[in-house]
Amino acid sequence: MTSSGWPAALSAARLHVVSGKGGTGKTTVAAALALALASGGRRTLLVEVEGRQGIAQLFDTAPLPYEERRIAVGPGGGEVRALAVDAEAALLEYFELFYRLGMAGRTLRRMGAIEFATTLAPGLRDVLLTGKVKECVNRRDADGRPVYDAVVLDAPPTGRVLSFLDVTKAMADLARSGPIHSQAEGVVQVLHSPLTAVHLVTLLEDLPVTETLETVDELTEAGFPTGAVFVNRVRPQWLPERSVAAAAGGRVDAARIRSGLASAGLDLPADVVDGLVAETVEHAVRVHGEAAALGRLEAATALPRLELPQLVEGVDLGSLYELAETLAMQGVGVQDAEVTS
């Protein structure tokens, strides 16, 4: 199984939106991507918007407040910062920025008016969340350079990502003029520009692949720039290619296996050999199914594909760096470093 790698064209993006079906590991992939993009002394911001504190758990830190905090050092001296965007805090910030209502905004918070407003107009919540992300992407330092070389957004899962990103529809029911409208227009400009790439995370299983392909079509139709497909938890194949189909169909020669073991000096009991045969069939069935899922991906979309291995012992900070290195080997951050230099 060979990935197509990270194309140079994605080096122009500064906002990397990562989505995927629930359970595919999109938060882990987003974290590894942020680390990989922080190589060579660059600075990235990893953002979450679902209130799950998934980033804090991955990096083994305290729950993130509504502020940008350094959580990791990138390969080669870069820096990864993290931000958990809270809709209520974003609305208070919005009140202060556009209306100078700092004290009044805090009063509204105590009264529960903010929760009422975002419940009454659910689209407002997504406008506030994406608006904060847009501000981070566009922010400049005193010399006019972007504060962050890349912003990685751990977005909602594929079932909700389109409605989350499509603030144009959300604004149709909220405001047709004024600061909120201007905020939404700014978000639309960023999300539909080459600054943005929407990446999708999948497993080589039927349902995740189906949802990934459907989401690619929906994003394309809505005019959002798609990025890459990250195939997560790829497991090694131990059988020769020519043997997979037969083994998946249960056609495994136990006598031949026993003979091979014996020639290697291993005289195993019959029940152990039977167990090895069963494991071989199970492995072949999985490999056969994954090959079929990969074939569907390759046939249905021309998006670049990157692969990340199955982590046998779970995800911790060390394994995040290993995943980031795997992405770097497939080109992530390499072109960016060349552009920066």
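Residues numbered from 1 in each chain as written. Predicted model: local features only at pLDDT ≥ 70, side-chain atom pairs only at ≥ 80, totals over all residues. Heavy atoms only, no water.

### As for unusual backbone geometry
(1) Moving on: We note that D60 has phi near 55 degrees; this positive angle belongs to a residue other than glycine.
(2) Moving on: Position of D60 relative to the elements: it lies in the loop between α2 (54-58) and β3 (69-74).
(3) Moving on: Residue D60 is classed as exposed on the basis of its relative accessible area of 69%.
(4) Moving on: In this structure, R233 is a non-glycine residue whose phi angle is positive, near 60 degrees.
(5) Moving on: Turning to its location among the elements, R233 is positioned in strand β7 (residues 226-234). (Helix = DSSP H or I, 4+ residues; strand = E, 2+ residues; numbered from the N terminus. Buried < 20%, exposed > 50% of the residue type's maximum accessible area, 1.4 Å probe, protein only.)

### Things to note about the pattern of salt bridges
(1) Moving on: Here the structure, examined in full by the defined rule, presents 19 salt bridges.
(2) Moving on: Across the pair D154 and K26 runs a salt bridge whose closest N-O atoms are separated by 2.8 Å. With D154 in strand β5 (residues 150-154) and K26 in helix α1 (residues 26-37), this residue pair connects regions lying 128 residues apart in the sequence.
(3) Moving on: The exposure class assigned to D154 is buried, which follows from its relative accessible area of 1%.
(4) Moving on: Note on K26: relative accessible area 9%, which makes it buried.
(5) Moving on: A salt bridge links R52 to E50; the nearest nitrogen and oxygen atoms lie 3.6 Å apart. (Salt bridge = Lys/Arg side-chain N within 4 Å of Asp/Glu carboxyl O.)

### Quick look at a negative patch on the surface
(1) Moving on: Residues D60, E313, D316, E322 and E325 make up a contiguous surface patch of negative charge.
(2) Moving on: Relative to the elements of secondary structure, E313 occurs in the loop between β8 (305-309) and α14 (317-329).
(3) Moving on: Looking at E313, the relative accessible area reads 82%, which means it is exposed. (Patch = residues over 30% accessible without salt bridge, like charges linked within 9 Å, V, L, I, M, F, W, Y side chains within 5 Å. Areas by Shrake-Rupley, 256 points an atom, 1.4 Å probe, with all protein chains shown as cover. Lys, Arg positive; Asp, Glu negative; His and termini not counted. Charge placed at Lys NZ, Arg CZ, Asp CG, Glu CD.)

### Focus on the nonpolar core
Considering soluble globular proteins, one finds that nonpolar side chains tend to be buried as a cluster.
(1) Moving on: Residues L15, V47, V151, L153 and L165 are the most contacted members of the largest nonpolar core, which totals 44 residues.
(2) Moving on: Among the elements that line this core, the one with the most residues is helix α6 (residues 122-138), at seven residues.
(3) Moving on: V47 has contacts with I55, L83, V85, V133, V151, V152, L153 and D154, leaving out every residue within four places of it along the chain.
(4) Moving on: One finds W6, A36, L64 and F230 within the second-largest nonpolar core, a separate group that totals 39 residues. (Core = buried A, V, L, I, M, F, W, Y, C linked by side-chain atoms within 4.5 Å. Contact = heavy atoms within 4.5 Å.)

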